[in-house]
Structures are given as structure tokens and as C-alpha cells.
Amino acid sequence: MKGKFTRRQLLRHGIALGALTSMGRLSLPSVAYANSGPTIDRNFIFCHMAGGWDTFLGLDPKDPDIFTDERKYETRIELGFHMLPSNRRSLIQSNVPDIVFGPYIGKLKDYADKMAIIRGMSVDSLGHKAGAARFITGKPPSGNNARGSSMATILADRYETQADADMHRLISNLCIRTSSYNTDRIPKATGTKLWSLDDLFDFVEGVDAPFDSTVSSQIDQFLQDNVDPSRSEFLDKALAFKVKAKEMTGLNLREKFDMDGSTAEILAARDAFELGYNERNTVGFNDPNYRLATAARAIVSGVSRCVSVEVIGTLDSHFDWSRDQGREQQKGFDAMANLIAYLDSIPHSNGGSYLDHTTILCFSEMGRKPMLINDGRNHNRNTSCFLAGAGIAGGTIIGASSDIGAGCQKVDLTTGTLSATGDIVRPEHIHRALLHGIGVTDDVADLRVSPLTAILS
Amino acid sequence: MFALCMASLVAHADDELMSGTRYLRSVSLDVLGRLPTIEEYEQIGDDEGIPEELLDEWLDSEAFHQQVLYYHNLLLLNDLEFVKFQNFVHYMDTSNDIFYIKRRNFRKGTSNLIHNPPCGDFEATLDSQGRPIATVKPDGSLDEGYRWVTPYWDPSTQVKVCAFEAQETEVSSSGRDCKASEGPADPECDCGPNLNWCTPKFGYGVYHEIVNDFDEQINQHIRKILTEERPYTELFTGDWLLLNGPLTHMYNYLVFHPHGTDMEHPPFDRNLTPDLSYQQNETWIEIPSIEANSGIFGLPGFLLRFHTDRRRAERVLSEFMCIELTPPPAGLPESTEDELFEADLRQLNGCASCHGLLDPVASFWGRWSEVGGSRIPLAEYPSFSDECNQIARNGYDRNGYAKCWQEGYLVEPYWGEKVGWHKAHAQLYDAEQNYPIEGPRRFFQQNIANGKIPACVVQKASKQLLGRDLNNRDTEWKQDITRQFIQNNYNYVELIRSIVTSEQYRRRQ
Amino acid sequence: MRVLLMMTLGMIACDGGEANLEEKKSPTAYLMNDPIEKLELEDENLGTESIVPVQRRDRRRMNVFQLNKALLDLTGHDYVQLLDARGPLGQPDYREITREVREPELFFQKFLQDAAHSNCDFLLDAELEATLEERRFLKHIEPNDTAEAEVKENLAFLLLRYHGHRHENDAQEVENWYTLFSNIQQSTADSQTTWKAICVALIRHPDFYSY
């Protein structure tokens, strides 16, 4: 009979709850995984092409000679190529023999040898917010609300909590017009959000003191002499960070980012990203190239470890698909190609180029339905994404969407080939692999899946 | 571990009492969010406490109320952003200063075009029945011109509205409800008198004002508890709620057949809706809530911030019962083949440690829509549907299947014997079947009566004010404060007073 | 070790053989079936849950709103960049950042320094135009006066206003600040600049921004 608990039972339940509570307060990730730090020094750029992309036009094309309009009710795939301009109705051969792309892949076709493309994966959602939350955190959202911290935050946390100061960065986690979550990681791993380049300058530049450096030094010395850091951890930290803040504002970091500057590095970046002079106040951050140029500069200048950026935000083609979707995708893909090329052109102090030390993940929060509704496509949980750069097996295709309805298909996570006993790839498999790739093999992010090691070189 | 504990118990110089002025400064920052004035400093000696009159004044001030609201924002995270509380087709757009609803296909006429705005900049002509007379443009699309309308959101002005939208039909001659999602497809339908059932633009203006008012509704509830010295427990079990003009307008006109966020069945009896206009945004009227609502926990500001029932439960458990749910440190064990298809997480090894508590508590919100703020009526949606059960067992019936799924009934084959059950009830044991029907009130009442919630309220408030977790040396103090809080009929102001005048608080750097 | 002990406690409780299987599955079942019993306030377990071993109390800094208000009250200048940058300054937005952080970290120090420079510059320039009653900073001294007694009196006032420390004019703490004043005055030969520097030092001192 289900009667009431005895007092003894209530107390035991109370003890159990108390135990759970205590473990919560001990901050589980740092306690359980204190020794699971990265063994490889790597940077990350998370590129979000927002709105939900039509993968037929880019990463996951279908042969228009097979998937014809006449067969659309049989295949449940309607490419709609006849609605596109006549010079956009063919697939594009990449620089890897077995890899073809859709007609709007743009310059990215020349970088397939550096890319691992994942097809037929799922975000398990039809909503922008939920899909984005899933991709950014690797966790099923709570309704439309993200759960847990962003992968960028977790990666930043892993590096910033290492004793080796060389692993630390000034702005470890930078976010350019995109979301970032921190629910359980150190504050320094919180994403620093930029809406414009001026926001970044506010962070890295200081307001001039109303007196000269001699007086500044006198103040610093006074605070040093009159505040005893041994009295408390807070004071110790406060004085240490005070010194660091002063150092940061003295570094003249603006010149590393100011796209209107005249240093050789900035001129090379402007050239690589096809930016004109004085675009900061005109096109500025509305241009995907400008955003990615800032992201790239943050990495190569050593300021940031992880950069998340919304490359483009105009892919939600419920209407005017034929006019807008491909054009906007290609803007994003061209900018991504510029990013890859730029990073590949900058030598890294540890050998190779910055591309050899930076992993790029490019995704959209969902795909679009395989059947058209007039001149539009609705949302679809099936999507594709690609990775490039450090630790990534270039020239690789993981999985495939099905030939009926372009659905998700199960994949062997270690080989990337279709397998009836495998898993449907989801963002968390990719995130787990990113951690795996830097030597973090414990499930520090509580993703509860195996890594998609097929993408790793 | 013993050594660690002993090291922590060694007295530290920073555990001395603060000086009078530093103490005053700390209390002022915590209670008012500002520094003391020089005049206030002059009222306190070096070793004295804060004069009672001064503290009374502080605890009765708007600045203190703001601090309490700030603190509760940290608990409730009541700051909504993306809420589609209205059907998308009832959002208006503007172009050339003319309001219209986009993409009403009947305007295409013989063309395939709809213009923005779809009507020309000329005053409409009406027929004998008051309907606009549309002309046919050269491209075959229709154009009816505009009419001047006084919008509900600004009665001091008039705006141009395309004449089809400016109609005031409630139900069209073909029987379509113009407020509902089917409305805009019918040329006779419109935005109603004063554009009542349309929103000027998605993401702007009225939309933002109403979404902000969801947050403010909770703030006002807390404010009322403070200013009227109501028991703090009314945050959890209050049988009332507050409505202002915009929220009243929303419930009256904007929540029928929504797109994405179900708000149709409010947490109060519609017959008791106050008579407020949209402009009365600072007038908050108290009305009784339905039994299934409990304090603020059936209000949109809470439900739309925490979209799923489990998330709602988890927030209540962590912030108001001090129960944190965390996975086992060793991770979850591998699932067996059978477990992969077991939907009841309480049966799963590893999951049960959290879901054993979480799922039953979540079920108290089972009849509040997820990603929504609507109460799912029992009469219309019983816990078990014979019809949906049959649909699920008889094979694929596309329309019936979709209808049942949308209404929340389990129909997919993998649910097995649970098909036909409403999802709010499907996973519950017999003794729990009335949890979704009753709502969380009794859960809160029980945990107030047994002291769990009061103790956690004290603990959280203490932590916020002391700036640290409570420790072994605080046990007796915490018990005393909790007893006082309960004996003072859960007076929150007195609780804060107890904490900031305690030695625990003053024993800081 | 601590984790292991807590886990053991949890396992002991969860493995309690006395509760039957159904009760274990539904720990809240008893809540709805039983009448609500009023708590006995003398219960020795009241409020004993969630107690951890002793942690030493440490300071914490002002949150962004407190800091902004304090600077506005003290200097009359609203440094809006503080509120604009509140994410990395530990202020939750309740959507993406859900915890309040009160650590004196890098960006906090940087923005504090910026705010001090900006606000003190504004404040002392305004003091030149203000009457004694209107002044916020130079309450016990004229702007161009550098006499020791008056400087110390004003410093004692500032230490109370900014840090909440009450000192006599001849206290050691006041003497320390007077030394700073004198040294800076020697460098600048300009009392207004010197007072700006004192203002910056007061704000950048942990006794201002923490409590």
C-alpha cells in the first residue's frame, strides 16, 4: 500500500537530497574532470549561417538529372532548379574528385580538400531558437530556451582553467552578433559580445587618465603598498587583475582589429576579405566578410581562443526562395572561403599556418524542407554542416541524406559511413569530437553521446 | 577531509565585526543598492548598529523594493524575449505609413502579386454593407485604398489602414472567426474595431510592451506582497493575480488560435476580466486566479521563461527548495536494448536519481501548455481519449493522427499501451493522476507546511546578503531565522531585517 | 574525498530498503494523499538541509548597477559604458547568462579604471564651477588650496564618503593618503589634477568597489 513515508524515510530522503545539493554546489564539471584538460593548443571559430539553409543549393546537393521535377512525388524531393537562373542549375565540382556541391557553393568549392562535410544530420527541431540552441550547446533545449553552456564557453573554460598561462587568452570567448551561454563555467569563459567593432574597441582600449603616466604610477604604487593581498583571496585577485587590466589597455590592441588601419597585417586582412577602406561606418558588421575578418584577427592576434560569429542571418526563405536563398548562401560561403584562405596564409609560431591550429565549424540551425511551397521552403530538422582546419579530416563526407525525402540516416561514428546500427548525427556528436580532438576525452560537457571521430584527422 | 574541515574552522582576521560605518555602507548597498549619504553616516557610531528608524525608512522605500525585485529576477529569470503570443497572420506591417496585413492571398486577384502596401494611398469607397470596393490594378491585383482608424494602442491619433483590414466584422458571412487564424484568408475579415485583434508589428511596439508586461506582472505580484505585508508564501500559493491594460487587451483579443505560443486559456475566469483599456499599462487590478494557478507559477512570466514542465519543476526545486539535480559524477551507465525504448525515465538506471523526483514534480504543470501559457481544460482534453486511442491502434489516419498529436495525446506506436493518454498524464502513476489537474498549489502548501520552502527562502536570502554559502557555524542561526520568518507569518521585509541586523551579516570584512 | 562521502550518503539514502518500490518511484505521492500537517517549529531538523563545511567569508564587489549608481551619486556623471558591457562584468541578462558574478576580474578592473578616469575628470572640472554647497568632492577645501590641515580634513571626508571608513584627521590612514596627495602635487604642481588623481585612487581602491 502506498502509505505515507515514515519520519525515518523522510529523513533519509532528505539526506539524499542534501547529498545531491552538495554535489551541485561543488560544481560538478571542475570536480569530476579537473584533470581532463586539453593537450593540444587549438583555436575555434563557430560560424552560424542563420535562418535555416537549403542544403540542396550548397552542401548536400542532389543530381538534378535523377531528382527531376517529374519524379518529385516519388522521391519527395523537389530541387526547383528550373526556378533558378539558367546559370545556376548545375552541380559544382570541387577540388576533390568525389565531392560536388550545389550551385551556390561559391568559392568554397576550392577548399573541399580541407573540409569534412556532414550530411543527413539532425537538430531535432523545427524552430530557429531551438535549433540554434541545440547547435550552440549540443544539448536539447528546454522548449526554445537553451540548456547548459555554449561549446565555445566550455572550450574556453577548459583552456582558461589550465595552469599553463600560455593557454589563456585576453578575451577567451568572443561572440560577434550571436548568442553565447554560460550557466556553469568560470566567468572568464563567458562570451564577450560584440554588435559592432566599436564594442570591441571599448573592451580593449582604455579611457585616458586625466593626468600623466608619472601620476598613474604613483597611484599604482600607492594601491600596491596600501592593500594587503594576503588578507583575502578577493584582494589578491583584485590586485592581480588590476595589473592585467592596465597591461591590456597598454597593448594598443585596436590596431590589430581596426580594418581602417594601415599596418601590413590589416592591409593583408582587408585584401583577403575583399574589404574596402572606411567600411567600418558604412557596411561594417553587416557584411559577413567584415565579421569573419574580425573573427580571424581575434584568433591570429592571440586575443581570443574561441570566436562565435553569425556570418549571415538571411536564409529563412519561406518566400522568394528562388531569388534570395542561393544568393545569401553564397555570400556566406564566399566569406567562409576567404576565412579559410586567410588563416591558411598566416604562419603560426608553432609551425604551419593558423589554419593548422584553428578548427572551424560552419552550420545553420536547421535545414529546409525538400518540397517547395510555391517559391519557398519550410523548416526541416535535417541539415548539413561542415568543419575545416586543425584536426579535421579534409576531403571527407560523413553520412548522406536519404534519396526519399532527403531524410537523416544513421552513420557509423568512427568511419562516417552509413550504418543501420549507427547513430543519426546531431550537434552533440560533433561537439564531443571537438573536445576529443584536443585530448579531452572525458564527457566534460555532459553531452552523453560518443564522439563523431570520423571527422578527425 | 577532516583536516580540510579543521583548517576552514580556524578563525580569520576578516571574521571580525565591521566598523559601524562600513556596516552601514554594506547594508545600504544590499538593501538600497546605493551608498549611504553623509547625513546617514552621521547617524551611526563606530560600534553601533543601524538606528531603527533609519532601517525602517530604508525597508519601506522604493529603492529597497527595487533590490528585492532584482534579487527575484535572479531566482525567476523573468526576462522574456522571443514569445509569439499571437497568430502570425494578425501582425501588421507598415509601408508608406499605411498599416496592412501581409500576404492576404485574395488580394492577388488574377495576378500572382501582392504589393507592399497592398492598397493605394487613396481613401476607400465602401459599398452599402460597409465593405470596401476594390479596384483591379493593371497587373490584376486588387486595390481597395485606405481608411482612417483610431488604433487601440494610441487613441489620440488616427492611422491609415488598408480598408480590408479596417473592417470590423467579427464573424464573416462564411462563418469564419475573424480573430482566429482562419480570419485573414477571408476578405470580409479584418482587424476589428480599433484594430483590436491585430498587433502593429511583430517584434516592435505593442508586442514588446505586452511581453515586458509578462515580466512586470510577476514584479507587481512581489511588490504587492512587500507593500501590503502579505505573507511571502503568496508568491507560491496566492489565489490572485494582477492584470493591467495591455495584458487585459491581449487576453481579450490576441490569443485565439495562436502561432507557436498557446495563451488562449488564461489563469483566471474570463468573466472576471477587468475593464481596462490598452493605455492603462500602469493600472494593475487584482482578480482571483483559477484554482490550478498557484501564486506566480501559472503566470506567463514564469511559464514562458521555462518552457517545459521539467524545466519549471527544476527551477522551483533549485531556487525555492534548494534541491539541485545533477547527474551522477561517473556519468550515466550504458542503456540496455529495452531501456532505449523506455519512455518513463524513472525506470532507467542512472536517470531515476533525478527523474524520480523531477518528473512527479513536473507533472504539477502538466496541464499548463509547454512553450505556452495556457491552461489545458480538462473538459475539452480529458486525461484519456478513446478516440485517439482508436486512431492510434487502427493504423494511419493522417487527419485524426495530426489532431490528436496537436491536442497532446500520445499516438505514435512506440508508446505502446500508453496511446490515447494525454501526455500530461501518460507517465504518471495512479496516485499522481490528479497532480496535473490540481496544479502545483498543494505541492507548495505541503512544502511550506513542512518547512522546506521557508528554510530555502531563508538560505537563499542569507546567501545573497552574506555573500557566501551558509556553513556549520550558521546552523543554529539559520534555524532561528527560519523560525522567526514562519512565526512572523512569512513577512519578507522582517526576514531581511533579521538577516542584516544579525552578527552573521556584520561579521564580514 | 568529499565527493565520495557525499555520494555514499546519497547511495545509502537511495538504497533504503524500508521504502517499498512504488514509494521510491514516487516520492511526492505522499504529498497529495495526506492532509497537510503544520510544522512543529521546534523540529531540530528545521533548516538543517544544504549545509556545507565552513567556508570563509570573503569580500565581493559591487554589481554593475550598484557601481553605476555609486559613481553617479559621487561624481554626477553617468558612465553608460558600464551598463553596456554588463555581460562580461558578471551581470546576468537572465536569458543567456543566468548567474551573477561578483569577482574583481579583468574586464571589471578595466572598466572600473575607465569609469574612474572619465568620472573624476568630469567631477573635478565641475567642482571648479560649483559653490561650496553644490560641491560633492571638495567639501572642506577650496579648489586651489593645498594647506595640510584642509587637505587632511577633506581626505577624511572622502574616505568616509567613498570607502565608509571614519577617521580622525590625524589618523594614520589619512596620513597615508596625504602622502599620496603631496607626492602627486609635487609632480603636477596643479591641485585640480592632484585631486583628480586622488579621486581615481579612491575609486580604484578595493574598499570602494567591494564590501
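Residues numbered from 1 in each chain as written. Chains lettered and ligands numbered in written order. Predicted model: local features only at pLDDT ≥ 70, side-chain atom pairs only at ≥ 80, totals over all residues.

Peer 1: Describe in detail the overall build of chain A, supporting the description with residues and values.
Peer 2: Broken down by element type, chain A carries 13 helices and 14 strands. For 457 residues, the compact-globule estimate of 2.2 N^0.38 gives 23 Å, and the C-alpha radius of gyration of chain A, at 24 Å, lies within 12% of that figure. Considering only C-alpha atoms, chain A reaches an extent of 85 × 80 × 40 Å along its principal axes. For chain A, the residues scored as buried account for 53% of the 457 residues in total. (Helix = DSSP H or I, 4+ residues; strand = E, 2+ residues; numbered from the N terminus. Rg over C-alpha atoms; globule rule 2.2 N^0.38 Å. Buried ≥ 20, exposed ≤ 12 C-beta atoms within 10 Å, placed from the backbone.)

Peer 1: If you had to explain the domain arrangement of chain A to someone new, which residues and values would you point to?
Peer 2: If you check the domain split of chain A, you get domain 1 (39–205 + 255–455) and domain 2 (207–249). Each of domain 1 of chain A and domain 2 of chain A has a C-alpha centre, and these two points are 41 Å apart. (Domains from an automatic or database assignment.)

Peer 1: For helix α10 (residues 264–272) of chain A, give the residues involved together with the corresponding values.
Peer 2: Residues and elements named next belong to chain A. Along α10, the residues that are buried comprise A269, R270 and A272. Along the axis of α10, the buried positions cluster into a sector of 165°, meaning they face one direction only. The exposed set on the far side of α10, more than 90 degrees from its buried face, consists of A264 and D271. Where α10 is buried, its residues contact α11 (288–300) and α12 (321–345). Trailing α10 by a residue or two, E274 shows a phi angle of about 55°, which is positive. (Arc of directions from axis to C-beta. Contact = placed C-beta atoms within 7 Å.)

Peer 1: Residue-level account of the sheet that holds strand β5 (residues 173–176) of chain A, with values.
Peer 2: All names here are of chain A. One open sheet holds the eight strands; their spatial order is β6-β5-β7-β1-β8-β11-β4-β12, and the pairing between them is mixed. On the outer flanks of this sheet lie β6 (192–194) and β12 (396–398), each paired with one strand and no other. Mean inter-strand twist for the sheet, computed between neighbouring axes without regard to direction, equals 15°. As paired strands, strand β8 (residues 358–363) and strand β11 (residues 382–389) are joined by five bridges and run antiparallel to one another. (Pairing = 2+ DSSP bridges. Axes fitted to C-alpha atoms, helices over the stretch in contact; angles between N-to-C directions.)

Peer 1: Tell me what's going on with the nonpolar core, and back it up with residues and numbers.
Peer 2: One broad trend across soluble globular proteins is that nonpolar side chains are buried collectively. Core analysis: the largest hydrophobic core is formed by 168 residues, its most contacted members being C47, A296, F386 and I398 of chain A together with C199 of chain C. Each of two domains, domain 1 (39–205 + 255–455) and domain 2 (207–249) of chain A, supplies a minimum of three residues to this core. Non-local contacts of I398 of chain A, meaning those with residues more than four positions away in its chain, are made with A116, I117, I118, R119, V411, G416, V425, L452, A454 and I455 of chain A. Of all hydrophobic cores here, the second largest spans 102 residues; its members include V161, L195, C198 and I481 of chain B. (Core = buried A, V, L, I, M, F, W, Y, C linked by C-beta atoms within 7 Å.)

Peer 1: Explain the packing of helix α7 (residues 213–226) of chain A against helix α9 (residues 191–204) of chain C to me, using residue names and the numbers behind them.
Peer 2: At a minimum axis separation of 10 Å, α7 of chain A and α9 of chain C run at an interaxial angle of 35°. Considering how the two elements wind past one another, α7 of chain A and α9 of chain C form a crossing that is right-handed. Facing α7 of chain A, whose interface residues are V215, I219, F222 and L223 of chain A, α9 of chain C presents A197, V200, A201 and R204 of chain C. Looking at the contact of α7 of chain A with α9 of chain C residue by residue, the class counts come to seven nonpolar, no polar and one charged. (Left-handed = near helix turned anticlockwise from the far one by under 90°. Nonpolar A, V, L, I, M, F, W, Y, C, P; charged D, E, K, R; others polar.)

Peer 1: Lay out the packing of helix α8 (residues 233–249) of chain A against helix α6 (residues 106–129) of chain C with the relevant residues and their values.
Peer 2: One way to put it is that α8 of chain A packs onto α6 of chain C with a least axis distance of 8 Å and a crossing angle of 65°. In terms of orientation, α8 of chain A and α6 of chain C fall into the roughly perpendicular class. At the point where α8 of chain A passes α6 of chain C, the crossing takes the right-handed sense. Taken together, the residues of α6 of chain C that come into contact with α8 of chain A (itself represented by F241, K242, K244, A245, M248 and T249 of chain A) are L106, Q109, K110 and Q113 of chain C. For the contact of α8 of chain A with α6 of chain C, a count of residues per class yields four nonpolar, three polar and three charged. (Parallel < 35°, antiparallel > 145°, perpendicular 65-115°, else oblique.)

Peer 1: Report on the environment of E153 of chain C, specifying residues and quantitative values.
Peer 2: If you trace the backbone, E153 of chain C turns up in helix α7 (residues 148–163). The exposure class assigned to E153 of chain C is partly exposed, which follows from the 16 C-beta atoms found within 10 Å.

Peer 1: Describe the domain arrangement of chain B, and please don't skip the residues or the numbers.
Peer 2: Domain annotation for chain B reports domain 1 (2–76), domain 2 (89–198), domain 3 (328–439) and domain 4 (449–506). The C-alpha-based centres of domain 2 of chain B and domain 3 of chain B are spaced at 43 Å.

Peer 1: Pulling in residues and values, what's your account of the sheet that holds strand β2 (residues 98–101) of chain B?
Peer 2: Residues and elements named next belong to chain B. Taken in spatial order, the four strands make up an open sheet running β1-β2-β6-β5, and their pairing is mixed. In this open sheet, the two edge strands, each paired with only one partner strand, are β1 (92–95) and β5 (146–149). Strand-to-strand twist of the sheet, defined as the mean angle between neighbouring strand axes without regard to direction, takes the value 40°.

Peer 1: Can you break down the pairing of β2 of chain B residue by residue, with the values?
Peer 2: Residue and element names in this part refer to chain B. Neither face of β2 is left uncovered, since the one carrying I98 and Y100 and the one carrying F99 and I101 both have all their residues buried. Here β1 pairs with β2 via four bridges, running antiparallel. If you follow T94 over to β2, its bridge partner there is F99. Two successive antiparallel strands, β1 and β2, enclose a turn made up of two residues, where N96 displays a positive phi of approximately 55°. Two strands pair when backbone bridges link them, and β2 and strand β6 (residues 159–162) are joined in this way by two bridges, in the parallel orientation. Bridged to I98 within β6 is K160.

Peer 1: Which residues make up the environment of I141 of chain C, and what values do they have?
Peer 2: Residues and elements named next belong to chain C. You can see I141 is positioned in the loop between α6 and α7. Separated by 14 residues in sequence, I141 and L155 place their C-alpha atoms 9.8 Å apart. Every residue in contact with I141, bar those within four places of it in the chain, is listed here: E150, V151 and N154.

Peer 1: Provide a residue-level description of the pairing of strand β1 (residues 43–49) of chain A, including the pertinent values.
Peer 2: If a strand is regular, its side chains alternate between the two faces of the sheet. Residues and elements named next belong to chain A. In terms of residue burial, β1 counts as a mostly covered element, since seven of its seven residues are buried. By the alternation rule, side chains of β1 split into N43, I45, C47 and M49 and F44, F46 and H48, which are all buried. The sheet contact formed by β1 and strand β7 (residues 306–312) spans six bridges and is parallel. Note that in β7 the partner of M49 across the bridge is I312.

Peer 1: Report on unusual backbone geometry, specifying residues and quantitative values.
Peer 2: Residue and element names in this part refer to chain B. Following N116, the chain continues to P117 via a peptide bond in cis, the omega torsion being 0°. Structurally, P117 can be placed in the loop between β2 and β3 (135–136). Positioned with a positive phi, V371 is a non-glycine residue whose angle comes to about 50°. One can find V371 in the loop between α11 (352–362) and α12 (386–393). Classification of V371 by C-beta neighbours within 10 Å gives partly exposed; the count is 19.

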